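Each chain is listed here by its residues.
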Amino acid sequence: MLPITLYKPEYNTTNSNLNIKQCQSGYTKTSPVSFGENLLTQYLNNAAAINSASVKKPEMANTVNNKPYKNDLRTMFLTNSAKILAIIPRTFNAKDTNGNEYIDGNEANGTFLNAIERLDEVKAEGFNTLHLLPINPPGKSNAMGTAGSVYAPEDLLKIDPMLIDKNDPRSDKEQFKAFVDECHKRGLRVMVDMPSCASYDLYQNKPELMAHERNGLAKTPQGWYDIRMFQPWEDEGKRTLNPKLLEYHREFVDMMIDAGVDGIRADVARAKPVEFWDIIIPYSHKRDPEFAWLAESYTYEDASPQANMPYDRPEDSLRAGFDAYYGQYHIFNEWNTAKELHDYVIDNLNMSYRVERGKSVIGSFATHDDISPMCHGGTIYCNLISGLEVTLPMMNPYFVDGFQSGDWYDYKYRNSYKEQTATDNHEMTVHQNKLDIFNLSRKPGGDNPEIGKFMTAALKLRDKYDDVFKRGSYIVLDKKGDPLDQVIAFARHRKGRTILVIANKNVNRHNSCKISVPSLSASQKLENQLPSYGEESKFQVSQGEIAVDLGPGRIHVFEIDTPYIQSYTKKVYKQH
């Protein structure tokens, strides 16, 4: 890594804001970050001290089970313990009473206060963490959709007025804090999205933060005319960061911590260099050591937005302080074989030894950027990925609101004209079969509640075999008679306890084969730990082997008595 320039903060005796001055120290970052007597320590200590007086510590705000609440989200990521539901607050509990799928007239969009009505439901479904997509006011100029994209913020330091109940006397930040507190009372952690780019309005209002092409035009990610890119560098050749952008994001972090938020999901993390995160993330830890960071970072692909963005480097993000990253499971439907899944799991496990212990991945089989899982095989596919999310290693299960009941995100108003608009755009922009992030749409939901019931059962199963699924080894099992490699077969093992997972990747047809299970007894009884669905599967156990005939898209989980299974196979992988 190249030497980077840090910034030495100084107190302004007449103003509580932080003055950041350049310091040409040439300090070279090493991993992990040192908190010794260096300029980074001074920056963190001084900035945290300036803001400490305004902090109401989250653990004093409310209680869980009669105990003071204390943020533990970072530890949860580092122990594969987070179970995450992603939501758009303005649609999360929207009241579409006339059934036209968007909010108009006297109908109520989602707010922080009416969102509280759904928190018990979220808790009962098995989640312990909410990922709030951006809560900032969207830009109104050059906008996409009639409400504006939640990823085109007008100002990172403001809260969207649409999320505020105008009949409640509390301020916007007080209402947001009330929502966070209600989440904490139920044991739900709150992670808020930090957009990677700016709206056209923000571009105009704060030009000192913005990036430009060589011809002087605003730098714009390909395919996204409503957003403009930030300029992280003051001098990229010297690796000198833009102090004003750094300060702007530090203030966002302060706003979140002051509200009791437990962590941040960094949108398109690669849009900022590792030097930027080398400062912002440790700063947050000076104020709250358990403040968690999730990087939207993939592995093989240069994910959207593409033009003007560097390629993903997840290892760099993890070394810079992120606790978890998105990973590549969202293209599971494109993988043709079980081997492709195994290879990717093993790649992640191997990578875990090249970064700080405990770094993890979320079970992002579908995010808000992806089409509905229903499009890949309906209820059967949704149940299949639910089962995989709770049983694969290094994993924090992750679902998008609407998955619980099979929302196709197929909005009837898609791309239609609407006279009333909050932006300069009258077109109700929606990406086909993707969660609407551009308009005031209905509350997410579909017609298949059985998906949510299976998902909840799967999350409970993860709790039942907590230690094995979180820290157990990953054993790839050999097969015979599966020429198209459609049967997924692996074991999770820890301290003599073995969980066997067998699934059919093909959601359209049965698949049969014989699976080698070292040290398995012919007398082993198989009892599926997941609810049954779809077409029936059949199993025949013999010594060291199981013959299977799997229904389309079926996943089965068994506890088996093979305490020494790891001694009989070389295909054993573990997370660092």
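Residues numbered from 1 in each chain as written. Predicted model: local features only at pLDDT ≥ 70, side-chain atom pairs only at ≥ 80, totals over all residues. Heavy atoms only, no water.

Along the backbone of the protein chain there are 15 helices and 25 strands. Within the protein chain, the fraction of its 576 residues that count as buried is 60%. Residue pairs in contact within the protein chain that sit at least 24 positions apart in sequence constitute 75% of those at least 6 positions apart. (Helix = DSSP H or I, 4+ residues; strand = E, 2+ residues; numbered from the N terminus. Buried < 20%, exposed > 50% of the residue type's maximum accessible area, 1.4 Å probe, protein only. Contact = heavy atoms within 4.5 Å.)

Here we come to the sheet that holds strand β19 (residues 487-494). Sheet strands associate in pairs through backbone hydrogen bonding, adopting either a parallel or an antiparallel arrangement. Within the open sheet, the five strands sit side by side as β24-β20-β19-β17-β25. Their pairing is antiparallel. Every other strand in the sheet has two partners, leaving β24 (555-560) and β25 (572-573) as the edge strands with one partner each. Note that strand β17 (residues 473-476) and β19 share four bridges and pair antiparallel. What sits directly across from Ser473, in β19, is His493. (Pairing = 2+ DSSP bridges.)

Turning next to helix α12 (residues 338-351). If you check α12, its first and last C-alpha atoms are 20 Å apart, about what 14 residues at 1.5 Å a residue would give, namely 20 Å. Listed in full, the buried residues belonging to α12 are Ala338, Leu341, His342, Tyr344, Val345, Ile346, Asn348, Leu349 and Met351. (Expected span 1.5 Å × (residues − 1).)

With that out of the way, let us pick up the packing of helix α9 (residues 243-258) against helix α10 (residues 274-287). Look at α9 against α10: their axes get within 10 Å of each other, and the N-to-C directions meet at 30°. In terms of orientation, α9 lies roughly parallel with respect to α10. Every pair of crossing elements has a handedness; the one defined by α9 and α10 is right-handed. Only Phe276, Ile279, Ile280, Tyr283, Ser284 and Arg287 of α10 make contact with α9, whose side of the interface consists of Leu245, Leu246, His249, Arg250, Val253, Asp254, Ile257 and Asp258. (Axes fitted to C-alpha atoms, helices over the stretch in contact; angles between N-to-C directions. Parallel < 35°, antiparallel > 145°, perpendicular 65-115°, else oblique. Left-handed = near helix turned anticlockwise from the far one by under 90°.)

Side chains of strand β6 (residues 129-132) alternate between two faces, with Thr129 and His131 and Leu130 and Leu132 buried alike. When strand β5 (residues 84-87) meets β6, the two strands line up parallel, connected through four bridges. The residue bridging Ile84 from the neighbouring strand is Thr129, located in β6. Two elements, β6 and strand β7 (residues 189-194), share four bridges in a ladder whose sense is parallel. Within β7, the position partnered with Thr129 by the bridge is Arg189. Running through helix α7 (residues 172-185), the crossover from β6 to the neighbouring parallel element β7 is right-handed. (Right-handed = clockwise from strand over helix to strand, strands pointing away.)

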